[in-house]
Amino acid sequence: MNWISLGPKSPATTPLLSIATPHSDTAPDIRSLWEPARLQHITALLAARHQPEFSEHVSPIQNAAKTKLFDWLRENPFPFGIHYSCAMECGLRIPVLLRALLELPNLDASERSALLQALFEHGWLIRNRLSLFSSLGNHTVAESLGLIMAGQVFSESHVERDWLETGIGLLEQECEHQVLTDGGPAEQSFNYHRMVLDLYWLAVQFLEINGIHDCSGMKPRLLAGESFLQALGDPLPPIGDSDDGYAVAPRLYPSKPAPSADLPTAHKGCTVFPDTGMTVVHLPPNIRLTFDQGPLGMPPLYNHGHADALSITLYRSKRAFLIDPGTYRYNGNPVLRAYFKGTRVHNTVTIDGQDQARQVTSFIWDRPYSVQTSNENHSCGSIRLAASHDGYTRLNQPVHHIRLLFIPENGGGMVVQDKFPGKGMHMFELHYHLHPDVEVVGPNECGWYTLTNHEERIFIKVCQTKLKVTCGRTEPLLGWYSPAYGVLEKTHVLHGRFTGPAEKAQFTTLISFTNPDHFEELFKHAEYVG
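Report on the accompanying structure.

**Brief notes about unusual backbone geometry**
- Here the residue pair Phe78 and Pro79 is connected by a cis peptide bond, since its omega of 0 degrees sits within 30 degrees of zero.
- Backbone torsion omega between Glu475 and Pro476 reads -10 degrees, so that peptide bond is classified as cis.
- Relative to the helices and strands, Pro476 is located in the loop between strand 22 (473-474) and strand 23 (477-478).
- In the Ramachandran plot, Gln188 falls in the positive-phi region, its phi being about 55 degrees despite a non-glycine side chain.
- Positionally, Gln188 belongs in the loop between helix 7 (158-178) and helix 8 (190-209).
- Overall, the relative accessible area of 5% leaves Gln188 in the buried class.
- A positive phi angle, near 55 degrees, is found at Asp352, a position not held by glycine.
- On the secondary structure map, Asp352 appears in the loop between strand 9 (349-351) and strand 10 (358-359).
- A residue is classified by how much of its surface remains accessible, and Asp352, at 31% relative accessible area, is partly exposed.

Written as structure tokens, this is what we have:
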């Protein structure tokens, strides 16, 4: 069966747990154990047989896949060990087991029996441990895919027919729950959105190839999801949690139709996703900006969301300048886990050193914020994006954060203005996190910093405060970047602080793409903000 297609080559990443960290990471990360136990390397081996460059090595590849698979089954008898503690992990293994059953040649009766037994055990465990109620999320989609495939294998049994029907029902239910009307992710995680969409396309292909179910009702929402990710561009900003997981295997993706070219564009160059709360702006010359105007994540637990309201990212010619620093890892280092989820590690403002919401555990949030937006696109060609959040109204002396982005037509840059209507004395901290490849020079006599990433360059200045540059600080943590799961690198952060009454707090950031002096002069003679 043609379930998968070979995708573009991914850039090389540092191996898991190759970490230069300021804190001890002696505790094991369960993700590093679960990842190889998904057996997706077996899928990669089976797919490699069909590539022309491996045509002379088909037999050794098949033997390696078979040996690795049955070794794992012998070493991990059901239901013992951590590999049967999570139903999602079982759901991700089922496509591998089924593919091996269908494609491995010369299986004897005992080997076929072992694979069928494993498929049954995995399906039984999923059916009895489904992620439902408050735990609905990407786990539910992976489990539903596993139930569908195992249920079809054993569909002549009345009991296992229930697996197939339950899996289809959950997929249809969760399609509109997890993929929002505008195509964005309810979980506010772009990595998991890619994985969820791939799980759906894998299920759709399986159901349609085998004539099991009409999936036409789900496809428009899935195509909207593809259009959303297409609008975000390449590389995709790592917004929200990311564990670098795949539905099939690295570089292997389900076949899927091309996304629609029709995007919810409110203005030339500005694409607004109102349900997700994400705005993407493409500007000359080759500038891509994202503005996060969305909620914390999927209620009620908000598991994979980060407290990043009103954060921005900025790329020029695919070179990253202002970044979302990533996730790092989920467990084993609670200090770094809290850091990468928190507000301080995003390109926005913290008040009194607190996150915009309250971290309860390494995954669960409470006191979630809400965001209000007010976007305007003027006939003259300028763009005005505005949003506010109420995450700091929980303080004893409550404060709102309002952020305005103004992009003048042919102005060669943008203005970011932060205001804080509220009460009392507070400490306001503004952060701009830079990609490790960005070289920082400055400030010059006018306060401008020059940021250079290879051949690309931008300029940045904050009017009301003197910026500091920090890289790889450990106490308190600041200046760290995680390019892949379990990998940590030092990076530069531009940050400034104001302490005083809320009504006097303000940051005005100028970002120039060409000539900073010209852009500042233009700013002085125009009413950009309000």
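Further notes follow.
**Things to note about the packing of aromatic side chains**
- One pass over the structure, following the stated rule, counts 16 aromatic pairs.
- On the numbers, 5.6 Å between centres and 90 degrees between planes, the contact of Phe120 with Phe154 is edge-to-face. On the criterion of sequence distance, the pair formed by Phe120 in helix 5 (residues 109-128) and Phe154 in the loop between helix 6 (138-153) and helix 7 is long-range, its members being 34 residues apart.
- Every member of this aromatic cluster is reached through a ring pair, and the members are Trp72, Phe78, Tyr84 and Trp124.
- Against the face of Tyr84 rests Arg93, its NZ or CZ located 5.6 Å from the ring centre.
- The side chain of Arg288 reaches across the aromatic face of Tyr315, ending 4.4 Å from its centre.

**Points about the packing of helix 8 against helix 9 (residues 219-232)**
- Interaxial distance between helix 8 and helix 9 falls to 11 Å at its minimum, and their mutual angle equals 145 degrees. As helix 8 packs across helix 9, the resulting crossing turns out to be left-handed. Where helix 8 abuts helix 9, its residues Phe190, His193, Arg194, Leu197, Tyr200, Trp201, Val204 and Glu208 lie against Lys219, Leu222, Leu223, Gly225, Glu226, Phe228, Leu229 and Leu232.
- Taken together, the residues of the contact of helix 8 with helix 9 sort by class into 10 nonpolar, two polar and four charged.

**A look at helix 4 (residues 87-103)**
- Here helix 4 contains 17 residues, and its C-alpha end-to-end distance of 25 Å stays within 8% of the 24 Å for a straight helix at 1.5 Å per residue.
- If you look at helix 4, its biggest bend is around 25 degrees, right at Arg93, and the proline Pro95 turns up within four residues after that.
- Of all 17 residues making up helix 4, 16 are buried, and the element is well covered by its neighbours.

**Topic: the side chain of Asn333**
- In this fold, Asn333 is placed in the loop between strand 8 (319-322) and helix 10 (334-341).
- Among the residues examined, Asn333 registers a relative accessible area of 3% and is labelled buried.
- From its side chain, Asn333 meets the backbone nitrogen of Leu336 in a polar contact 3.1 Å long.

**So, the sheet that holds strand 9**
- Within the open sheet, the four strands sit side by side as 9-17-26-21. Their pairing is antiparallel. Where the open sheet ends on each side, the last strands, each with one partner, are strand 9 and strand 21 (468-471). Across the sheet, the mean angle from the axis of one strand to that of its neighbour is 30 degrees, orientation sign disregarded.
- Two elements, strand 17 (residues 425-433) and strand 26 (residues 492-501), share nine bridges in a ladder whose sense is antiparallel. Looking at strand 26, one finds that Met427 is bridged to Thr499.

**Focus on the pairing of strand 15 (residues 401-407)**
- Burial of strand 15 is extensive: six of the seven residues sit out of reach of the surface.
- Both strand 14 (residues 383-389) and strand 15 contribute to a ladder of seven bridges, which runs antiparallel. Across the sheet, residue Ser388 finds its bridge partner in strand 15, namely Ile402.
- Bridge count for strand 15 against strand 16 (residues 413-419) is five bridges, and the pairing is antiparallel. Residue pairing across strands places Phe406 opposite Val415, the latter belonging to strand 16.

How each quantity is defined
- Residues numbered from 1 in each chain as written.
- Predicted model: local features only at pLDDT ≥ 70, side-chain atom pairs only at ≥ 80, totals over all residues.
- Heavy atoms only, no water.
- Helix = DSSP H or I, 4+ residues; strand = E, 2+ residues; numbered from the N terminus.
- Buried < 20%, exposed > 50% of the residue type's maximum accessible area, 1.4 Å probe, protein only.
- Phe/Tyr/Trp six-rings, centres within 6.5 Å; stacked < 30°, edge-to-face > 60°.
- Lys NZ or Arg CZ within 6 Å of the ring centre and 35° of its normal.
- Axes fitted to C-alpha atoms, helices over the stretch in contact; angles between N-to-C directions.
- Left-handed = near helix turned anticlockwise from the far one by under 90°.
- Contact = heavy atoms within 4.5 Å.
- Nonpolar A, V, L, I, M, F, W, Y, C, P; charged D, E, K, R; others polar.
- Expected span 1.5 Å × (residues − 1).
- Bend = angle between axes of the 7 residues up to and from the residue.
- Polar contact = N/O pair within 3.5 Å; in protein donor to acceptor, adjacent residues only side chain to side chain.
- Pairing = 2+ DSSP bridges.

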